[in-house]
Amino acid sequence: MLKGLLLGVAGLAMTLTNAVPVFAQEVVKVGLILPMTGPFASTGRQVSAGAKAFIAAKGDTAGGKKIELIIRDDGGVADQTRRIAQELVVNEGTKVLAGFGLTPLAMAVAPVATQAKIPTVVMAAGTAAITKASPFITRTSGTLPQYSVPVGTWASQNGIKKVVTLVSDYGPGVDAEKWFTKEFKAKGGEIAEAVRIPLQNPDFAPFLQRVRDAKPDAVFVFLPSGVGSLFMKQFADRGLADAGIKLIATGDVTDDDILNSMGKPAIGTITGHFYATSHDSPENKAYVEAFEKANNKMRPNFMSVGGYDGMALIYNALEKTKGDASGPAFMEAVKGLSWTSPRGPVSIDPETRDIIQNIYIREVKEVNGQLHNVEFQTFSALKDPEKAEAK
Ligand code: PHB
């Protein structure tokens, strides 16, 4: 009885001693809001896996604080994103918001970020204007103008004279169309037609027929991550490649998560983007290995790297502020941060809070029986061209 009591007291004492550092060390809650269900669930799966991969690699403390990741599903619906953001900030004491799989979802949270002065890290969405919507928004994905201009440069230098553009009809598609066109025309190219496709439940067939009828040298495409497989199938079925029309695109179309399932029709596609699973660097080799191990062999795509680097940004900023996650201090610390990502060297533009990064031109090739985006040309340290022009 006495022995039992003593053991009990000892146990309690141990619990208390163990508990002390946990009490002393405050927690910074990071609310990750993503489409985990619905048509863009692949984005949620990849971004959240990337964020978790960062914590697994670097531990769960930054700037002396314990980092707690809270993952919430908005189903890709903007009203949900905003409601969840408010709930996380008001009821859960969340200090940093992050994620945002589509432009309208990021835009819906901008007023919350501004009013509550909450640092908000966009890890996926890519319309240039997002970082202008709140001074508390920063970004670790990139912008469609950033990916599209190099594709325009490449096309103009590689014998492509006439192009039809084909984009999803919302923010990032409009950005891609505008900036590819601007660059391609400035270098002497001709745009035969600009085609826009609805974002929801797209049937590409009638639009591909219009492309075919215009007889361009190439079609330049932007579609959000996740819908490229259906597009590629219809591109092959409609015989565009057989008609000699080359497929050029932003890397969202040949997204590494689904590239293998596209099969032979994808081979030869030229794209511009910030990340390929096959990117050749020691950092990326370690990343891919750890990611595939933790996720049942799922291949990491660019969305996952947006999530991984979003956490890198949060950790680096908290180290700089010594754990102060309040909006003004955090956002000041974000400016000019730089680190080596699985994608290559990156930094945060102190003027725009957008990411400065390499954009690689890649070709889809079969490597050891697998389809890969193989990088062959680098446009180094690009800023978002939209904001660079506005200055
Ligand atoms: C966006 O909605 O901003 C978006 C979504 C998926 C992408 C790129 C941009 O692959």
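As annotated in an unreviewed UniProt entry, the protein carries the name ABC transporter substrate-binding protein and comes from Rhizobium deserti. Quoted verbatim from the Sequence similarities (unreviewed entry) heading of the UniProt record, the comment on the protein is "Belongs to the leucine-binding protein family."

Okay, unusual backbone geometry next. Of note, the phi angle at N296 is positive, near 55°, even though the residue is not glycine. Along the polypeptide, N296 turns up in the loop between helix 10 (282–294) and helix 11 (302–321). When its relative accessible area of 74% is taken as the criterion, N296 is described as exposed. At N368, a residue that is not glycine, the phi angle is positive and equals roughly 50°. For N368, the location among the structural elements is in the loop between strand 14 (355–367) and strand 15 (370–382). Residue classification places N368 among the exposed residues on the basis of a relative accessible area of 77%.

Moving on to the environment of E283. Structurally, the position occupied by E283 is in helix 10. Along the chain, E283 and Y308 lie 25 residues apart, while their C-alpha atoms are 12 Å from each other. Once you skip the residues sitting within four places of it in the chain, E283 turns out to touch T340, S341 and P342.

Relative to the elements of secondary structure, S134 occurs in the loop between strand 5 (120–122) and strand 6 (137–139). Taking relative accessible area as the criterion, S134 reaches 1% and is therefore assigned buried. With residues near it in sequence (within four places) discarded, S134 still touches A110, A113, T114 and R353.

Rules used in this analysis
Starting from 1, residues in each chain are numbered consecutively following that chain's sequence as written. Under the rules for a predicted model, residues below a pLDDT of 70 receive no local features and side-chain atom pairs below 80 are neither given nor counted, while totals for whole chains, interfaces and linings still include all residues. With hydrogens and water excluded, all non-hydrogen atoms of the structure serve as input to the side-chain values. UniProt positions are given in the numbering used here, feature names are shortened, and annotations may be inferred rather than shown by experiment. Only runs of H or I of at least four residues qualify as helices and only runs of E of at least two qualify as strands under DSSP, and these elements are numbered from the N terminus. Partly exposed residues are those whose accessible area sits between 20% and 50% of the maximum for their type, while under 20% is buried and over 50% is exposed, using a 1.4 Å probe and protein chains only. Throughout, a contact is declared for two residues whenever any of their heavy atoms are within 4.5 Å.

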